[in-house]
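The residues making up each chain are set out below.
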Amino acid sequence: MNTLIPIYETICNRIAAAARRSGRDPEAVRLVAVTKTHGPETVRDAVDAGMDCFGENKVQEAAWKIPLAPACAHWHLIGHLQSNKAKQAVRLFETIHSVDSAKLFDTLEAAARQSGTRPEFYLEVNVSGEPSKYGLTPTALPQVIEHILMYSQALTLTGLMTMAPFNPDPEKARPFFAALRHLRDAQMSRFGIDLPHLSMGMTGDFEVAIEEGATDVRIGTALFGSRPKLSALRPPQDADTTSGIL
Ligand SMILES: *Cc1c(COP(=O)(O)O)cnc(C)c1O
């Protein structure tokens, strides 16, 4: 039995209920199932249960997993990206949520032109100002967008992404999600562009994020349980060696 089927149904119902509460169409919210630290067999079960969109936070891990997963899966990069992984990233991912500088955009744009791919991307904004978080400051955002509008050919900017500070009370995340929406609205009118996507909300706070306008919720734990340590995720040869010791 595929245990993900009832879990997925519950999450879909919670997503739909949150959308309706705020007068939104449930179809306007996309579930990005976060499979980081889980193997390709988890992706297969998830596809079997009806999921089609997956999030990874490390390029290296995704490069191993994606070729082993069903080809119908759509892949999103949700974690911090280093420039030296840009070439791989534009080949592996349809959407990159975590672009956080004009320089990284330039590197990705060049890589996408070279590889002939046309990924969408979002700009990550650090709305809370927490020093531990990646992302552009809200004040730096307009100048980066101006740069992007001048130079983007292969890449398309379609939205903004943020992470709220950790807090067990999801209501505490609401102001940060609302802030990202306001910021998005302001950039749309300032530049006369469309930025349809707001990537915000995780296991602990996705319903509040949807009420505040999220179109992409990035959910891992609520679907797949708590994450195994990375050491548990190894190609088969390593696993065999380990089982010989055990
Ligand atoms: C891991 C991760 C998530 C998913 O977190 P959960 O709390 O397990 O749902 C979402 N977004 C990003 C950027 C992540 O790295």
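Residues numbered from 1 in each chain as written. Predicted model: local features only at pLDDT ≥ 70, side-chain atom pairs only at ≥ 80, totals over all residues. Heavy atoms only, no water.

Peer 1: How should unusual backbone geometry be read in this particular structure?
Peer 2: Phi is mostly negative for residues that are not glycine, and the peptide bonds are mostly trans. Positioned with a positive phi, T37 is a non-glycine residue whose angle comes to about 70 degrees. Positionally, T37 belongs in the loop between β1 (30-34) and α2 (40-49). Residue class for T37 comes out buried when judged on its relative accessible area of 12%. (Helix = DSSP H or I, 4+ residues; strand = E, 2+ residues; numbered from the N terminus. Buried < 20%, exposed > 50% of the residue type's maximum accessible area, 1.4 Å probe, protein only.)

Peer 1: Explanation requested: the pattern of salt bridges in the structure shown.
Peer 2: Between side chains of opposite charge, pairing is possible as soon as their charged atoms come close. All chains considered together, the criterion is met by 13 salt bridges. With a closest N to O distance of 2.8 Å, E61 and K65 form a salt bridge. Taken together, the positions of E61 and K65, both in helix α3 (residues 59-65) and four residues apart, correspond to about one turn of that helix. Judged on exposure class, the residue E61 and its partner K65 are both buried. A salt bridge links E212 to R174; its shortest N-O distance comes to 2.9 Å. With E212 in the loop between α8 (206-211) and β8 (216-219) and R174 in helix α7 (residues 174-191), this pair connects stretches of sequence that are 38 residues apart. For E212, a relative accessible area of 12% puts it in the buried group. (Salt bridge = Lys/Arg side-chain N within 4 Å of Asp/Glu carboxyl O.)

Peer 1: Sorry if this is basic, but what is going on with the side chain of T42 here?
Peer 2: Position of T42 among the secondary structure elements: in helix α2. The exposure class of T42 is buried, given its relative accessible area of 16%.

Peer 1: I'm lost on the nonpolar core in this one. Help?
Peer 2: Grouped burial of nonpolar side chains is what soluble globular proteins tend to show. Counting residues in hydrophobic clusters, the biggest one holds 65 residues, and the most contacted among them are M51, F93 and L123. Considering each element in turn, this core owes the most residues, six residues, to helix α1 (residues 4-21). Not counting chain neighbours up to four residues away, the residues in contact with M51 comprise L4, Y8, L31, A33, A46, L223 and F224. (Core = buried A, V, L, I, M, F, W, Y, C linked by side-chain atoms within 4.5 Å. Contact = heavy atoms within 4.5 Å.)

Peer 1: Honestly, the site of the ligand in this entry has me stumped. Any pointers?
Peer 2: What surrounds the ligand is the set V34, K36, I78, M163, M202, T203, R218, I219, G220, T221 and R227. Within the contact set of the ligand, an oxygen atom lies 2.7 Å away from a side-chain nitrogen or oxygen of K36. T203 places a polar side-chain atom, nitrogen or oxygen, 2.5 Å from an oxygen atom of the ligand. Notes on the ligand: free accessible area 390 Å², of which the protein chains cover 90%. Across the shell around the ligand, the residue classes tally to five nonpolar, three polar and three charged. (Near = heavy atom within 4 Å. Polar contact = N/O pair within 3.5 Å; in protein donor to acceptor, adjacent residues only side chain to side chain. Areas by Shrake-Rupley, 256 points an atom, 1.4 Å probe, with all protein chains shown as cover. Nonpolar A, V, L, I, M, F, W, Y, C, P; charged D, E, K, R; others polar.)

Peer 1: Hey, could you run me through the packing of aromatic side chains in this one?
Peer 2: In this description, an aromatic ring pair is defined by two values, namely the gap between the centres and the angle between the planes. As enumerated under the stated definition, the model contains two aromatic pairs in all. Here F54 and W75 contribute two aromatic rings whose centre-to-centre distance is 5.4 Å and whose plane-to-plane angle is 35 degrees, an arrangement assigned as tilted. Of this pair, F54 sits in strand β2 (residues 53-56) while W75 sits in strand β3 (residues 74-77), placing them 21 residues apart in sequence. Residue F54 shares its accessibility class with W75, and that shared class is buried. (Phe/Tyr/Trp six-rings, centres within 6.5 Å; stacked < 30°, edge-to-face > 60°.)

Peer 1: In this structure, what is going on with the packing of helix α6 (residues 141-151) against α7? I would like to understand it.
Peer 2: When two helices pack together, their arrangement is given by the angle between their axes and by how far apart the axes lie. Axis separation between α6 and α7 bottoms out at 11 Å; the angle between their running directions is 45 degrees. Taken together, the axis directions place α6 and α7 in an arrangement best described as oblique. Between α6 and α7 lies a crossing whose hand is right-handed. Contacts from L141, P142, I145, E146 and L149 of α6 reach α7 at L183, Q187, R190 and F191. Residues that form the contact of α6 with α7 fall into these classes: six nonpolar, one polar and two charged. (Axes fitted to C-alpha atoms, helices over the stretch in contact; angles between N-to-C directions. Parallel < 35°, antiparallel > 145°, perpendicular 65-115°, else oblique. Left-handed = near helix turned anticlockwise from the far one by under 90°.)

Peer 1: Can you help me understand the side chain of T215 in this one?
Peer 2: Note that T215 resides in the loop between α8 and β8. Only 3.2 Å separates the side chain of T215 from the side chain of H197, close enough to count as a polar contact. In this structure the side chain of T215 is engaged in a polar contact, spanning 2.8 Å, whose partner is the side chain of D216. Excluding anything up to four places from it in sequence, T215 contacts R24, A28, V29, R30, P196, H197 and L198.

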